[in-house]
Amino acid sequence: SRCQAHRFECVKNCNAAGFSHSTVSHVCQECFLPFCFYWTQPKTFSILHPGPQPSEALGTRSVFGLPEGRWKGSSWKVKVHQGSVLLAGSITLDITSPADAPVGEYSLSVKTSATASVGSSLGKLLLLFNPWCQEDWVHLPEEEERQEYVMREQGLVYKGSEKYISSMAWNFGQFEDDIVDICLKLLDVNPKCLSDPAKDFSARCNPIYVSRVVSAMINANDDRGVLMGRWDGQYDGGMSPTHWNGSVEVLRRWLKYGSNPVKYGQCWVFAAVMCTVLRCLGIPCRVVTNFQSAHDTDKNLTIDDFFSDYGVRPKQSPDSVWNYHVWVEAWMRRPDLSAGSLYDGWQAVDPTPQEKSTDVYCCGPAPVKAILQGHVDLKYDVPFVFAEVNADRVTWMVLADGSKKKIFTDSGSVGQNISTKAVGSDKRVDITANYKHAEGTEKERAVYNQAVKRLNKPEDEENSNGIHDGKPDVSMKIVELTKPVSGKDIDLKLVLNSNDSETRTLVINVNVQAMRYTGIPSSQIQTELKEQKLLPNQGRVKMFQTLSMSRPTRFN
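The paragraphs below set out a description of the structure included in this document. Within each chain, residues carry numbers counting from 1 in the order of the written sequence. Since the coordinates come from a predicted model, pLDDT governs what is reported: local features require at least 70, and pairs of side-chain atoms require 80 or more to be given and counted, while whole-chain, interface and lining totals use all residues. To obtain the side-chain values, all non-hydrogen atoms of the structure were included, while hydrogens and water were left out.

## A few points about the nonpolar core
Generally speaking, soluble globular proteins have nonpolar side chains that are buried together. Among the buried residues, those of types Ala, Val, Leu, Ile, Met, Phe, Trp, Tyr and Cys that are joined through side-chain atoms within 4.5 Å form a nonpolar core. The cut-offs for exposure are 20% and 50% of the maximum accessible area for each residue type, with area from a 1.4 Å probe on protein chains only; residues under the lower value are buried, those over the upper are exposed, and the others partly exposed. One finds W170, V214, I218, V226, L227 and W268 to be the most contacted residues of the largest nonpolar core, which totals 58 residues. Breaking this core down by element, the ones donating at least two residues are β8 (154-161), β9 (164-171), α2 (179-188), α5 (207-218), α6 (248-256), α7 (267-281), β12 (285-295) and β14 (320-332). Broken down by element, this core gets its largest block of residues, 13 residues, from α7. Here, two residues are considered to be in contact whenever any of their heavy atoms come within 4.5 Å of each other. Residues contacting I218, with those up to four places away along its chain left out, are L186, G225, V226, L227, F270, V273, M274, V277 and P351. Only DSSP runs of H or I reaching four residues or more are called helices, and only runs of E reaching two or more are called strands; each is numbered from the N terminus.

In structure tokens form, the structure reads like this:
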């Protein structure tokens, strides 16, 4: 790991060629690489990143050696390990990398004489991000959290709806023998590396850059990514997203079939696989589920729902609200956004291909602290994640002549019970307060209005008929009398309340449609027309007939 002393054992008794060495496939805390040399001249070590034309200027090459004082300008350091005795037959060297060295596999060589033109190879060293190192941008202070968010190989992913949350076990498997090689392969075939490998290898010192690349490479929409997404229920030629319960099989299939995408994934699969890759590379990471998650396609921080005057929901709005959506949070500093630590900490990163970010299907890293404060003008993709957890939901009525009328604004339903697994246990932790202030409070509205201002959108837009939003004279609410169970009937009631000073006669169109978990209508279930009279300033409860649910109303 970066800024970690890597220990190498040097054997005095050389073979006929003068050296013996072995290759180290990967390194976590310490590595022991046996080699030998004659201890008569200063020793020069070279360490090279495998990219093209390694250079000291890009941080992908370093020359250092013994005695220590002769290489004061080198970012890599070597010294004889305390307690090593050459006469005893071996000597141990401690080689320390800088905290900002690019992650990846390095080749280590040594020149044992001043006249040698080429160094002798000592093997390979794999360098990862180091959350134990205070100088590393991914430093996580608490050991218990490092064990949970870097070292733990099993976890939970939350699914369902805000009232009926379920969990599924997931095997991240980041320390399986071949996973680190697959993760490095994933970095090597990303489009930025293919177009400018020297620049890409150098940029791998930065967890902001690496997490953004991984976000793009987990989906296969515009690159040689790991997973192909599908949401229409047709999974011919692949596996249903519900088939997967771990990342290892997905990543191995991707490598086995020539970096061609694995079929198929949905949000929880994308997120869980990304968590494996980031933990493998040393970046602390956790899987997060947002219930009632908004998908805002036009960056106006509202989700527009359209209904006809007879109750049917047309499919004309690209905006939607998903029952749940899953992404990951990665822990890192954000010195690119603030000279202090204002935006350091958890960053939302989302590999599910929803909207393009700088012409690529990726999302984040978006500082969770920026989302909480409504600072939507910061990198990366903060407006999109802000809308996912705190968009206003605006209901429009589409009239017969095609005009639209705004009939209601719901500012409290989006972003519910944002959940992740607890540290050290299988309990669910609600982290909604990390993303937004409590719904219904002045602080929450102030942050939302600030976010709207930062996007240069007028706060109090008029609807298409020139009528401002206001508190409706009649409100309605659907209440569950029985819990929804797949294949069973469900009893609902509609609660109507009038704030009008006059008697109101209402014509109520009841239209029930099945929806996928992404919020997209799937099929018609029931239509009913009711007429109801409401007295002034009084409430009235009107019972629905029992709805017959002969098939599930939620689809994967």
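So, next bit.
## Notes on the sheet that holds β14
If DSSP finds at least two bridges between two strands, the strands pair. Taken in spatial order, the six strands of this open sheet run β16-β15-β14-β12-β19-β20, and their pairing is antiparallel. The strands lining the two open edges of the sheet, one partner per strand, are β16 (366-367) and β20 (428-430). Two elements, β12 and strand β19 (residues 416-421), share two bridges in a ladder whose sense is antiparallel. Counted as the bridge partner of T289 is S419 from β19. Only the stretch in contact is used when fitting a helix axis, every axis being a line fitted to C-alpha atoms; angles between N-to-C directions are given from 0 to 180 degrees. Of the strands in this sheet, β12, β14 and β15 (345-349) are in contact with α7, which crosses β14 at around 0°.

## Notes on the packing of α2 against α7
Two elements in contact, α2 and α7, have axes separated by 10 Å at closest approach and are oriented at 100°. Our classification of the angle between α2 and α7 gives roughly perpendicular. For the pair formed by α2 and α7, the contact residues are I179, V180, C183, L184 and L187 on the first element and T276, V277, C280 and L281 on the second. Gly is placed with the polar residues, together with every amino acid not listed as nonpolar (Ala, Val, Leu, Ile, Met, Phe, Trp, Tyr, Cys and Pro) or charged (Asp, Glu, Lys and Arg). Of the residues belonging to the contact of α2 with α7, the class tally is eight nonpolar, one polar and no charged. Should an angle lie under 35 degrees it is considered roughly parallel, over 145 roughly antiparallel, and from 65 to 115 roughly perpendicular; all remaining angles are considered oblique.

## Re unusual backbone geometry
Residue Y264 is bonded to the preceding K263 through a cis peptide linkage, with omega at 5°. At D359, a residue that is not glycine, the phi angle is positive and equals roughly 70°. The topology assignment puts D359 in the loop between β15 and β16. By relative accessible area, D359 is classed as exposed at 68%. The phi angle at N417 is positive, at roughly 50°, despite the residue not being glycine.

## Focus: the environment of L194
Tracing the sequence through the fold places L194 in helix α3 (residues 191-195). You can call L194 exposed: its relative accessible area is 53%. If sequence neighbours within four positions are ignored, L194 has contacts with D188 and V189.

## Thoughts on the pattern of salt bridges
We define a salt bridge as a side-chain nitrogen of Lys or Arg found within 4 Å of a carboxyl oxygen belonging to Asp or Glu. All chains considered together, the criterion is met by 17 salt bridges. Across the pair E329 and R286 runs a salt bridge, and its minimum N-O distance is 2.7 Å. Pair noted here: E329 is in strand β14 and R286 is in strand β12, with a separation of 43 residues, a long-range link. Per residue, the accessibility class of E329 equals that of R286, and both read buried.

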